[in-house]
Amino acid sequence: MSRLLRRNSSQLRLLLSSGGQVTRLASSGVKPPSPEESKKPKREPPPVVPDSEIKKSVFISQSSDVFTNLALEDWLYKNFDFSHHHVMLLWANDPCVVIGRHQNPFTEANVSRLVERGITLARRNSGGGAVYHDLGNLNCTFFSPRERYDRKYNLNIVTRALFREWAIKAEINERDDIVVMNKKISGTAAKLGHPNAYHHCTILASANKLHLGESLVREPANYISRATASVPSPIRNLVDVNRSVNVAQLRSAVGYEYLRTAATKLEDGGSTQTSQQRGFQLINPTEKWFPGIEELRSNYSSWEWVIGKTPKFTVQKDLDVKGDEQDMKLKLSVEVEDGLMKEIGIQLPQSEQIVPVVTPLQGKPYNEENLNGILGALKLVSASNVKQAINGTA
């Protein structure tokens, strides 16, 4: 293992410039085909490449920054030629919550509390649900051409590695989660494009379960959203099954299982198969190694991507306003689009009428702190003033 890991950056650059066959793909939008192009015959499927001609590498990211690792994953997906070279990327992050491309972070976590605790919020470019990462969680990304995408193959690499190394019996359920004794140790998501695809999964080795649970608790409010919602599942750390499990050994076990297995079939080739592959590569995800990765990282860490990409939603929260004779129960309603609070109003119970609220926070970014700020200001309004406002808009 140590011999394989000593490969340096110059060897990786040689790999990328020769056998890796890096190609630069256009990042702009796709133009509709011209009439002449539409008459052209459909593209023939790529020729079948036998397993004997496909080499494999295990890339290990030396970064623990979630935005850098997401950028590295995206860079490989957009720029690498996997036709004769399959890659598994292994990476781990400092504490963070990572949501799927189409998710609402405010229905998955208390975003303001994450900020207070120094836990990063990130949005990946694949679907799926929200997950908590820390250095006790190993992430695996399997890259291949689209036509060779095989999620079950990838997940079986993980389960076979667990059994070979620790005799842990893991199963793949109907949601393509990996479970041990009916508790989830791995979730899964994918990005399918042309010509490339990737499938990534998490493996809980010794993650902080207290932080995991607290990080995925949202602010108590009624969220009306069409965003993809996570499906809660009971989780388990592998260290709870076998106390000798650690991330370094897990990384080695999964990596070797990948290298010793045929490229498209779950056939164990042992040390003979392993010796024919390109082995482990330590990856330094910097601009020098991967031109353009800094711009990708900037995009992934931007407010416009993490929050602004949230699908349109409405949040409602109950509000009690003090009155001379009795309190009035109202409901604050905030419409959020592109991450900004567009329409703010109060609604009487059992009524469809919305009274607009004038506040300098309108048009500002939505978060729990701003929501509670509006609630705090409204609590100072009297019930009689609310009735006058309602009568004035009737």
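It should be emphasised that the depicted structure is a prediction, and the values quoted were computed from it without experimental measurement.

*Asks:* I'm lost on the overall build of the protein chain in this one. Help?
*Replies:* A tally of helices and strands in the protein chain yields 14 helices and 17 strands. Across the 394 residues of the protein chain, 48% fall into the buried class. Of all intrachain contacts in the protein chain linking residues separated by at least 6 positions in sequence, the fraction that spans at least 24 positions is 74%. Accessible surface, the protein chain: about 20,000 Å² in total, of which carbon and sulfur atoms supply 50%.

*Asks:* Where do I start with helix α11 (residues 293–301) in this structure?
*Replies:* Because the α-helix completes a turn every 3.6 residues, residues three or four places apart line up on one side. Within the sequence span of α11, burial applies to Ile293, Leu296 and Tyr300. Seen along its axis, α11 keeps its buried residues to an arc of 60°; they face one direction. For α11, the exposed residues set more than 90 degrees away from the buried face come down to Glu294 and Glu295. Lining the buried residues of α11 we find α4 (66–79), β4 (120–123) and α12 (303–306).

*Asks:* Whenever I open this one, the packing of aromatic side chains confuses me. Can you help?
*Replies:* The relation between two aromatic rings is expressed through the spacing of the ring centres and the mutual angle of the planes. As enumerated under the stated definition, the model contains 14 aromatic pairs in all. An aromatic cluster is present here, built from Phe59, Tyr77, Phe80, Phe82, Phe143 and Tyr198 joined pairwise through their rings. The ring of Tyr258 carries the charged tip of Lys56 above its face, separated from the ring centre by 4.1 Å.

*Asks:* Would you explain the nonpolar core in this entry?
*Replies:* Within the largest apolar cluster, 63 residues are counted, with the highest numbers of intra-cluster contacts made by Leu76, Leu332 and Tyr366. The residues contacting Leu76, other than those within four sequence positions of it, are Phe59, Phe82, Leu89, Phe143, Asn196 and Phe290. Among the nonpolar cores identified, the runner-up in size contains 31 residues, and Ile185, Val247, Leu250 and Leu259 belong to it.

*Asks:* What am I meant to see in the sheet that holds strand β2 (residues 85–91) here?
*Replies:* By definition, the strands of a sheet pair up through backbone hydrogen bonds, in either a parallel or an antiparallel sense. Taken in spatial order, the 6 strands of this open sheet run β10-β11-β6-β2-β1-β13, and their pairing is mixed. Two strands bound the open sheet, and with one partner strand each, they are β10 (188–192) and β13 (280–283). Going from strand to strand, the sheet's axes swing by 20° on average, the running direction of each strand aside. As paired elements, strand β1 (residues 55–61) and β2 share 6 bridges and run parallel to each other. Along β2, the bridge assignment pairs Ile60 with Leu90. Of the strands in this sheet, β1, β2, β6 (137–145), β11 (196–204) and β13 touch helix α9 (residues 247–260), which is tilted by about 165° from β1.

*Asks:* Please explain α9 as it appears in this structure.
*Replies:* When the terminal C-alpha atoms of α9 are compared, their 20 Å separation across 14 residues agrees well with the 20 Å that a helix rising 1.5 Å per residue should span. Every buried residue of α9 is listed here: Val247, Leu250, Ser252, Ala253, Val254, Gly255, Glu257, Tyr258 and Leu259. Where α9 begins, the side chain of Asn246 points an oxygen toward the backbone nitrogen of Ala248, at a separation of 3.2 Å.

*Asks:* What am I meant to see in the side chain of Asn79 here?
*Replies:* Relative to the helices and strands, Asn79 is located in helix α4. On the basis of relative accessibility, which here comes to 4%, the residue Asn79 falls in the buried class. Reaching out from Asn79, the side chain makes a polar contact with the backbone oxygen of Trp75 at a distance of 2.9 Å.

*Asks:* When you look at the confidence of the model for the protein chain in this model, what are you seeing that I'm missing?
*Replies:* Low pLDDT marks stretches whose predicted atomic positions should not be read closely. Residues at a pLDDT of 70 or more form 84% of the protein chain, whose mean pLDDT is 87. Below pLDDT 50 for its whole length, residues 1–30 participates in 55 contacts with residues either more than four positions away or in separate chains.

*Asks:* What is the right way to read unusual backbone geometry from this model?
*Replies:* As a rule of thumb, non-glycine residues mostly have phi less than zero, and peptide bonds are mostly trans rather than cis. Here the bond from His194 into Pro195 is cis, since omega is 5°, no more than 30 degrees from zero. Note on placement: Pro195 falls in the loop between β10 and β11. Positive phi is not limited to glycine here, since Ala167 has a value of about 60°. Topologically, Ala167 is positioned in the loop between α7 (151–166) and β7 (171–172). One non-glycine residue, Met181, lies in positive phi territory at about 50°.

*Asks:* Please explain the layout of surface pockets as it appears in this structure.
*Replies:* Over the atoms, a rolled probe matching the size of one water molecule traces out where space is still vacant. Within this model, the largest pocket holds a volume of roughly 770 Å³. Together, 37 residues line the largest pocket, and Gly129, Ala130, Val131, Lys184 and Ser230 are the ones closest to its centre. For the lining of the largest pocket, the elements supplying multiple residues, two or more each, are α5 (105–108), β5 (131–133), β6, β9 (183–186), β10, β11 and α8 (209–215). In terms of residues, the lining of the largest pocket owes the most to one element, β11, which gives 4 residues.

About the thresholds
- Residues numbered from 1 in each chain as written.
- Predicted model: local features only at pLDDT ≥ 70, side-chain atom pairs only at ≥ 80, totals over all residues.
- Heavy atoms only, no water.
- Helix = DSSP H or I, 4+ residues; strand = E, 2+ residues; numbered from the N terminus.
- Buried < 20%, exposed > 50% of the residue type's maximum accessible area, 1.4 Å probe, protein only.
- Contact = heavy atoms within 4.5 Å.
- Areas by Shrake-Rupley, 256 points an atom, 1.4 Å probe, with all protein chains shown as cover.
- Arc of directions from axis to C-beta.
- Phe/Tyr/Trp six-rings, centres within 6.5 Å; stacked < 30°, edge-to-face > 60°.
- Lys NZ or Arg CZ within 6 Å of the ring centre and 35° of its normal.
- Core = buried A, V, L, I, M, F, W, Y, C linked by side-chain atoms within 4.5 Å.
- Pairing = 2+ DSSP bridges.
- Axes fitted to C-alpha atoms, helices over the stretch in contact; angles between N-to-C directions.
- Expected span 1.5 Å × (residues − 1).
- Polar contact = N/O pair within 3.5 Å; in protein donor to acceptor, adjacent residues only side chain to side chain.
- pLDDT = per-residue confidence, 0-100.
- 1 Å grid on protein atoms, 1.4 Å probe; cavity = no way out; pocket = protein on both sides within 12 Å on 5 of 7 lines; lining within 4 Å.
- Points joined across faces, edges and corners; volume = space filled by probe spheres on them.

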